[in-house]
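So you can see what is in the structure, the chains are spelled out below.
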Amino acid sequence: MSNASEPQETTSLKSKYNLAEPHDLSPRSKWLRDYYFRGLDREWNNEYDPYSTGVEWDRIWAELDFYIVPEAMGFMGKKKRGPFGSSIDLMGKPVKLPKIFWEKSLPERRMIFFEEAMVNNTPQEIVGPSLLAGSRFNLQLSKCFTQKEEEEFNKKLVKDIRPSVWKFHEYGFGNLGATGGHLIPDFPTIINKGFKYVHKLAQDKYNELSDREKRGAKGEEVRAMIHATLIPKKLAEKYAEECRRVAEETEDLERKGELEQMAKNLEIVPWEPAQTFWQAVQSLWMAHMLIMAEESYPGPGDSFGRIDEYLYPYYKKDVLEKDLITKEFAKDILGSFWFHCNTAYDGQMRVGGNQGITAGFGQLLTLSGCGPNGEDLSNELTYTMLEVIDEWSPILEPKPNVRLHRNTPDELLDTLVDMITRSQGAPFILNFDERSIEGMVLEGIPKEDAWDYACVGCLENTMQGNDRSGTVNCNPNLAKSVELTLWNGASKFFKGKPEKNLIQFGPKTGNPEEFATWEEFWNAWEQQIKHIIQYTVEVYNKTENLRAAFLPTPYLSTLVRGCVEQGLDIRNGGPEIRFITIEGVGFATLVDSLLAIKHFVYDEQKFTIAELKEALVNNFQGKREYIIMQTTLKNRGPKFGNDLDEADELARNIMETWSSETFKYKTDTDFQFRGGMLSWNYWAGEDAAYTPATPNGRLANTFLSNAICPTNGADINGPTSVTNSVGNALGGKTDDGKYVNYLPNGASHTITFNPSMLREPESKEKFKAYLRGYIENGGTALQINILDANMLIDAQKHPENYPHLLVRVTGYNTYFVAIGRELQDEIIKREMHNF
């Protein structure tokens, strides 16, 4: 459909505050952006489209992907499929299948079904004036199980996995699950060589197999990969036909020419190597959208890597050297890309407020950064993409991450600071190369390769094209370790409320009421935090093993180096680089709690362990002495985030202890565990609700600390002090000045400034100096909220006036009016820092 009605203006006109608005958009980009925000009023949408094999036992919804969204657990059911699964199953449209379908192996069935659903059943449409083909990808696909496979899958799910995951969560340990997305495929190979190259690679691999291997699992997987490489070609052919059909009906000669060129592009890419910038972006988009379709997990963490590097040769040739297209037309190509990325949210458009546009997805692109010798790799395309980001903002996808380092030029910093001052929320995440690279080296990436890392999802560091790092799969609540230590390895609380009977989870490390020294308490805590890591691994591996056995993704496997070469699926040990990240939640809550115990119980002897436990069980309520204790714990003791030696040293010891423990474990599918600190919504959601009162004075059922950020309100010495504490917690520097980073996956740090502070040139220079200082002394990733608390309060009162007001939560932007009241209040209460 190319002639949809003119979209209505979507900008807010009633707010009494100045809001960030899109600006300087071309007519095409303005049309696409406005059309997107029409949501349910559009003639076209990309809502979820379920497809079924038609058998009575068919399973469509992959609930494993959503175990990391604990709020969704209530919709899953414990013994049956639950509302989500059963409703999608009922909605599934039967797909006509070839007679040989049920004779094939599971990976091969998955690809037969994928082709039928995507190429022959899903409509191919051209949206408005978009310059890219590839519109519908929010598919929910049958898992293609035989009846026997479904029975075996369901038995493992109901009898083992659900009880284990639910128990882990309800007792306050956090959440986990083998989820999809969250990787950077090998897009440069597809753009530069085409799927034709990967097809031959897979065929050659199959020819190398022995007859026995061809009859076994490896042969099944490689045959499925061979099939998978043909699907993009067939889909491109269908879209080329649609482009020509629409062109014939179009009277506008300019648009007719564009559609004809789009058809020509699709005759080449993504099967053949791209020849132009337009073709390169088209190839990238189609390869990407097919990943989202195959995994039935649209958007989350499927990221593009260092896009300004691998697209730059095409941009340079077409725009800067041969004038084949103008810079403005190149921006329109990118604008079309921006539009299609955002339509991932169409799957939720009938759910909740703001038409389902929540920020749950993270199609992240990485810009700039250093080269192998520390040189800056920014180029003209870097700045062009920053223009597109700035002009399209506020909007959620794709999520930009800009890498900074010691040699980042002032021109880039000036551009970024100007963009930040015009924004609400953060227009991008800033990643810091020197410390991030040391984290990659720590996990085993050679120094000569680690410079070429990029980010997925929100801010998680991975390598590109050969790395599957499960960056959000395990999210343990670190604060739980204090409870286990206080109750001798037992859990006193269920869903955050005290229980009469203790449930033993951890080792018996002694009754802390009998500990005479802080060292005894610390040693007991060490054993409990190590147990939590072990427990996390044990429960997670159950979900990982089920996914590896029953849910292959052969198409995605062709896009990650190592899978074809080994004949192994990406979910079964195929990638060259394999990690699962354990993302610690509630770090500062833990640090401040241990600081409080050390300071008030052992150093000052103001309270006893018995008194503290009693107050925690009663949530600091019911007695005057509980209230006095809570006030003292919350306001009088040392706190992380103030550049205090005692607090930072304890934070560093805690970080090193739990993160180093992760490296002791692997999955049964040969993925190495590693540490990270993202937190996403867990510090504010059910994981917080299931955490009882903590010794830092926090009440039960209130938010935990956010990622590596200090506890809200605890940092009172300004942004430089916070920055130094964050850097020290990650390991600081060695005596000879070398960066240390205990968390290879990265750590999310969010900080808020009032917009009035960055209006004057002198303030902008100070802010640049702050960013330079962060490179030297800070963490791995920083997101900056530029927010006026009074404006947020007004947005609470009049949400209709602020539909597109973005705020930074933790590693991602979201629309302020679409989040819950408690989280809104928490954002408003964040300290507004001064230089």
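Residues numbered from 1 in each chain as written. Predicted model: local features only at pLDDT ≥ 70, side-chain atom pairs only at ≥ 80, totals over all residues. Heavy atoms only, no water.

### A closer look at the overall build of the protein
What the protein contains, in helices and strands, is 29 helices and 20 strands. What you see for the protein is a C-alpha radius of gyration of 26 Å, in line with the 28 Å of a compact globule of 835 residues. Its C-alpha atoms give the protein principal-axis dimensions of roughly 85 × 65 × 55 Å. Looking at the protein residue by residue over its 835 residues, the buried ones come to 66%. Taking the intrachain contacts of the protein between residues at least 6 apart in sequence as the baseline, contacts between residues at least 24 apart amount to 78%. (Helix = DSSP H or I, 4+ residues; strand = E, 2+ residues; numbered from the N terminus. Rg over C-alpha atoms; globule rule 2.2 N^0.38 Å. Buried < 20%, exposed > 50% of the residue type's maximum accessible area, 1.4 Å probe, protein only. Contact = heavy atoms within 4.5 Å.)

### Structural notes on empty space enclosed by the protein
All chains considered together, the criterion is met by 8 cavities of 30 Å³ or more. Counted as a void, the second largest cavity has a volume near 120 Å³. Lining the second largest cavity are 17 residues, with A479, E483, P692, A693 and T694 positioned closest to its centre. Among the elements that take part in the lining of the second largest cavity, helix α17 (residues 480–486) stands out by supplying 4 residues, more than any other. Here the lining of the second largest cavity is built from residues that sort into 11 nonpolar, 4 polar and 2 charged. (1 Å grid on protein atoms, 1.4 Å probe; cavity = no way out; pocket = protein on both sides within 12 Å on 5 of 7 lines; lining within 4 Å. Points joined across faces, edges and corners; volume = space filled by probe spheres on them. Nonpolar A, V, L, I, M, F, W, Y, C, P; charged D, E, K, R; others polar.)

### With respect to the packing of helix α21 (residues 587–603) against helix α24 (residues 645–662)
Viewed as axis vectors pointing N to C, α21 and α24 meet at an angle of 125°, and their least axial separation amounts to 10 Å. Overall, the two elements α21 and α24 adopt an arrangement that is oblique. In the crossing of α21 with α24, the sense of the turn from one axis to the other is right-handed. Residue-level contacts link F587, L590, V591, L594, L595, K598 and D603 of α21 to E646, A647, L650, A651, I654, M655 and W658 of α24. Grouping the constituent residues of the contact of α21 with α24 by class yields 11 nonpolar, no polar and 3 charged. (Axes fitted to C-alpha atoms, helices over the stretch in contact; angles between N-to-C directions. Parallel < 35°, antiparallel > 145°, perpendicular 65-115°, else oblique. Left-handed = near helix turned anticlockwise from the far one by under 90°.)

### Some points on the sheet that holds strand β3 (residues 139–141)
Spatially, the 3 strands line up as an open sheet ordered β2-β1-β3, and their pairing is parallel. Lying at the two open borders of the sheet, with one neighbouring strand each, are β2 (93–94) and β3. In the sheet, strand β1 (residues 49–52) pairs with β2 via 2 bridges, with the strands oriented parallel. For Y51, the partnering residue across the bridge sits in β2 and is K93. (Pairing = 2+ DSSP bridges.)

### Quick word on the sheet that holds strand β7 (residues 399–404)
Overall, mixed pairing links the 6 strands, which are arranged β5-β6-β7-β8-β18-β17 in an open sheet. Looking along the sheet, the strands with just one partner apiece sit at the ends: β5 (305–306) and β17 (748–753). As defined by bridge partners, β7 adjoins strand β8 (residues 429–432) across 4 bridges and the pair is classed as parallel. The residue bridging N401 from the neighbouring strand is I429, located in β8. Here helix α15 (residues 433–442) sits on the sheet in contact with β7 and β8, set at roughly 65° to β8. In the packing of helix α27 (residues 761–777) onto the sheet, contacts are made with β7, β8, β17 and β18 (781–786), and the angle to β18 comes to roughly 155°.

### Examining the pattern of salt bridges
Tallied over the full model, the rule gives 58 salt bridges. With a closest N to O distance of 3.9 Å, R38 and E43 form a salt bridge. With a relative accessible area of 46%, E43 lands in the partly exposed category. Residue D670 pairs with K666 through a salt bridge whose shortest N-O separation is 3.5 Å. Several salt bridges share partner residues, and in doing so they unite K327, E328, K331, E387 and E391 into one network. (Salt bridge = Lys/Arg side-chain N within 4 Å of Asp/Glu carboxyl O.)

### A word on the layout of surface pockets
By volume, the second largest pocket amounts to about 720 Å³. Put simply, the parts of the chain that give the lining of the second largest pocket at least two residues each are α21, α23 (624–635) and α29 (821–829). When residues in the lining of the second largest pocket are grouped by element, the largest group, 4 residues, is from α29. Class assignment of the residues belonging to the lining of the second largest pocket gives a composition of 7 nonpolar, 14 polar and 10 charged.

### Description of the nonpolar core
Grouped together as the largest cluster of nonpolar side chains are 222 residues, with contacts concentrated most on F277, L311, F587 and W658. Per-element accounting of this core gives the leading share, 14 residues, to helix α18 (residues 518–550). In this structure, W658 is in contact with L478, I529, I533, I582, G584, F587, G675, G676, M677 and L743, ignoring residues within four places of it in sequence. (Core = buried A, V, L, I, M, F, W, Y, C linked by side-chain atoms within 4.5 Å.)

### Considering α21
Over its 17 residues, α21 extends 22 Å from the first C-alpha to the last, a length consistent with the 24 Å expected when each residue adds 1.5 Å. When you tally the buried positions in α21, you get 16 out of 17 residues, the bulk of the element. Q605 lies just past α21 and shows a positive phi near 55°. (Expected span 1.5 Å × (residues − 1).)

### Thoughts on the packing of aromatic side chains
One pass over the full model with this rule turns up 44 aromatic pairs. Seen from their ring centres, F600 and F607 are 6.1 Å apart, and the 50° between their planes marks the pair as tilted. The burial state of F600 is the same as that of F607; both residues are buried. Among the aromatic residues, those joined into a ring-pair cluster are F137, F187, W285, F304, F337 and W338. Positioned above the aromatic ring of W271 is the side chain of K233, whose terminal nitrogen or guanidinium carbon lies 5.8 Å from the ring centre. (Phe/Tyr/Trp six-rings, centres within 6.5 Å; stacked < 30°, edge-to-face > 60°. Lys NZ or Arg CZ within 6 Å of the ring centre and 35° of its normal.)

### Examining the pairing of β18
With 6 of 6 residues buried, β18 lies mostly within the body of the structure. With burial as the criterion, each face of β18 is covered, one bearing A781, Q783 and N785 and the other bearing L782, I784 and I786. With 6 bridges joining them, β17 and β18 adopt parallel strand pairing. Considered in β18, the bridge of I751 is made with I784. Taken together, β17, α27 and β18 form a β-α-β motif whose crossover is right-handed. (Right-handed = clockwise from strand over helix to strand, strands pointing away.)

### Section: unusual backbone geometry
Looking along the chain, the bond that leaves V269 and enters P270 is cis, with omega of 5°. Following the sequence through the fold, P270 ends up in the loop between α8 (253–268) and α9 (277–295). In this structure, P394 follows S393 across a cis peptide bond, with omega equal to 5°. Positive phi, normally seen in glycine, also occurs at S296, with a value near 50°. Along the chain, the position of S296 falls in the loop between α9 and β5.

### Quick notes on the packing of helix α7 (residues 217–249) against α9
Closest axis-to-axis distance for the α7/α9 pair is 11 Å, and the angle between their directions is 115°. Compared by their axis directions, α7 and α9 come out roughly perpendicular. At the point where α7 passes α9, the crossing takes the right-handed sense. Of α9, the residues touching α7 (which contributes P232, L235, A236 and Y239) are M286, M289 and L290. Classifying every residue of the contact of α7 with α9 gives 7 nonpolar, no polar and no charged.

### So, the pairing of strand β6 (residues 364–368)
Within β6, 5 of the 5 residues are buried, leaving the element largely enclosed by the surrounding structure. Sheet topology note: the β5/β6 ladder contains 2 bridges and is parallel. For R306, the partnering residue across the bridge sits in β6 and is T366. As paired strands, β6 and β7 are joined by 5 bridges and run parallel to one another. What sits directly across from T366, in β7, is N401. In the classification by handedness, the crossover that spans β6, the intervening helix α13 (residues 380–392) and the parallel β7 is right-handed.

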